[in-house]
Amino acid sequence: EEAAPAAPASAAETDMRRILTLIEDESQRCGRIVRNLLLFSRGSDAHFTDEDLFPLLERCAMLLRHRADLAEISLQLDVPSGLPKIECDASQIQQMVLALAINGLEATSVGGSVTIAARAEGDDAVVIGVRDNGRGIPKEQLSEIFEPFYTTKEGENGVGLGLAVVYGIATRHHGTIAVDSTPGEGTTFSVRLPLRQPREAAPPAGAREVEVS
């Protein structure tokens, strides 16, 4: 004997489900804010080891693949073989790349592309790049995008800490950031990192080495 079809949800049940979904979404958003605040305020407690960039960046791409597929955006990895190992905190570099790539995915429309890339620069540095062909950043905003809590995202979608965290991680690695963006064409973030960490103290948190174009 076939079971009777389930009764349609009442208006009260529908409202309750909507409220629970909202609570879950907001809880997750608050969790992301707290995690980013902790990373932003953590200072220079990085744990440096020699790392191969290819598996690190490949892992970033794997973590974002489903998100890119859902958004119908092409996610590419452009990392040549033979890159030298880099002295870094792998977890922080992964956090940095993920933040940049997520920004790129959120700025890119259906059918667009985001590329995570790396290349050697001379004998003493590598450059990690994340480029997209999304909406771009207006020139007048480029000098502000690394400020804490600054965001160009609307409403609850942005908490304004992603790029500030990126800047903090690059600074703790004695790195620099270049930003090249054209509204309507896309944005490229390039983080230059030394292969070996200097033995002196990390740059002060207030120092900024950001190149915009």
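Reading guide: rules and limits
- Residues numbered from 1 in each chain as written.
- Predicted model: local features only at pLDDT ≥ 70, side-chain atom pairs only at ≥ 80, totals over all residues.
- Heavy atoms only, no water.
- Helix = DSSP H or I, 4+ residues; strand = E, 2+ residues; numbered from the N terminus.
- Areas by Shrake-Rupley, 256 points an atom, 1.4 Å probe, with all protein chains shown as cover.
- Salt bridge = Lys/Arg side-chain N within 4 Å of Asp/Glu carboxyl O.
- Buried < 20%, exposed > 50% of the residue type's maximum accessible area, 1.4 Å probe, protein only.
- Polar contact = N/O pair within 3.5 Å; in protein donor to acceptor, adjacent residues only side chain to side chain.
- Core = buried A, V, L, I, M, F, W, Y, C linked by side-chain atoms within 4.5 Å.
- Contact = heavy atoms within 4.5 Å.
- pLDDT = per-residue confidence, 0-100.
- Axes fitted to C-alpha atoms, helices over the stretch in contact; angles between N-to-C directions.
- Left-handed = near helix turned anticlockwise from the far one by under 90°.
- Nonpolar A, V, L, I, M, F, W, Y, C, P; charged D, E, K, R; others polar.

Is there a simple way to explain the overall build of the protein in this structure?
A tally of regular secondary structure across the protein gives four helices and eight strands. Starting at the N terminus and walking to the C terminus, you meet the elements of the protein as α-β-α-β-β-α-β-β-α-β-β-β. Accessible surface computed for the protein: about 12200 Å², of which carbon and sulfur atoms make up 53%.

What is the right way to look at the pattern of salt bridges in this model?
Two side chains bearing opposite charge may form a pair once their charged atoms approach each other closely. Applying the stated criterion to the full structure yields seven salt bridges. Between Arg192 and Glu121 there is a salt bridge, and its shortest N-O distance comes to 2.4 Å. With Arg192 in strand 7 (residues 186–194) and Glu121 in strand 4 (residues 113–121), this residue pair connects regions lying 71 residues apart in the sequence. Given a relative accessible area of 32%, Arg192 falls into the partly exposed group. Residues joined by salt bridges that share partners form a network here, namely Arg119, Glu121, Asp124 and Arg192.

What am I meant to see in the side chain of Gln92 here?
Position of Gln92 relative to the elements: it lies in helix 3 (residues 90–107). Of note is the side chain of Gln92, whose polar atom sits 3.3 Å from the side chain of Arg172.

How should I be thinking about the nonpolar core in this particular structure?
A general feature of soluble globular proteins is that nonpolar side chains tend to end up buried together. Membership of the largest hydrophobic core comes to 44 residues, with the highest contact counts inside it found for Ile93, Met96, Ile177 and Phe189. Secondary-structure elements contributing two or more residues to this core are helix 2 (53–70), strand 3 (86–88), helix 3, strand 4, strand 5 (125–132), helix 4 (162–172), strand 6 (176–182) and strand 7. Of all the elements, helix 3 adds the most residues to this core, at nine residues. Not counting residues up to four positions away in its chain, the partners in contact with Ile93 are Leu56, Cys88, Ile128, Ile169, His173 and Leu193.

Please clarify how the confidence of the model for the protein should be interpreted in this entry.
Any segment with low pLDDT has predicted coordinates that should not be analysed in fine detail. Chain-level statistics for the protein give a pLDDT mean of 81 and a share of 73% at 70 or above. Here residues 154–160 is a poorly scored stretch, pLDDT under 50, and it has 12 contacts once near neighbours within four places are set aside; other chains count. Confidence over residues 204–208 falls short of pLDDT 50; this stretch has seven contacts with residues more than four positions distant or in other chains.

I would appreciate a short explanation of the environment of Phe146 in the present structure.
Of note, Phe146 is situated in the loop between strand 5 and helix 4. For the pair Phe146 and Tyr167, spaced 21 residues apart in sequence, the C-alpha to C-alpha distance is 6.5 Å.

Would you take a moment to explain the packing of helix 3 against helix 4 for this structure?
The description of two helices packed together rests on the angle between their axes and the distance between the axes. The geometry of helix 3 relative to helix 4 is characterised by a closest axis approach of 9 Å and an angle of 145 degrees between their N-to-C directions. As helix 3 runs across helix 4, the sense of the crossing is left-handed. Here helix 3 contributes Gln92, Ile93, Gln95, Met96, Ala99, Leu100 and Asn103 to the contact with helix 4, which in turn contributes Gly162, Leu163, Val165, Val166, Ile169, Ala170 and Arg172. When grouped by side-chain class, the residues that make up the contact of helix 3 with helix 4 number nine nonpolar, four polar and one charged.

Any chance you could explain the packing of helix 2 against helix 3 here in plain terms?
Remark: helix 2 packs on helix 3, axes separated minimally by 10 Å, with the N-to-C direction vectors making an angle of 35 degrees. The handedness of the crossing between helix 2 and helix 3 comes out as right-handed. In contact with Leu56, Leu57, Arg59, Cys60, Leu63, Leu64, Arg67 and Ala68 of helix 2, helix 3 contributes Ala90, Ile93, Gln94, Val97, Leu98, Ala101, Ile102, Leu105 and Glu106. Among the residues making up the contact of helix 2 with helix 3, the classes are represented as 13 nonpolar, one polar and three charged.

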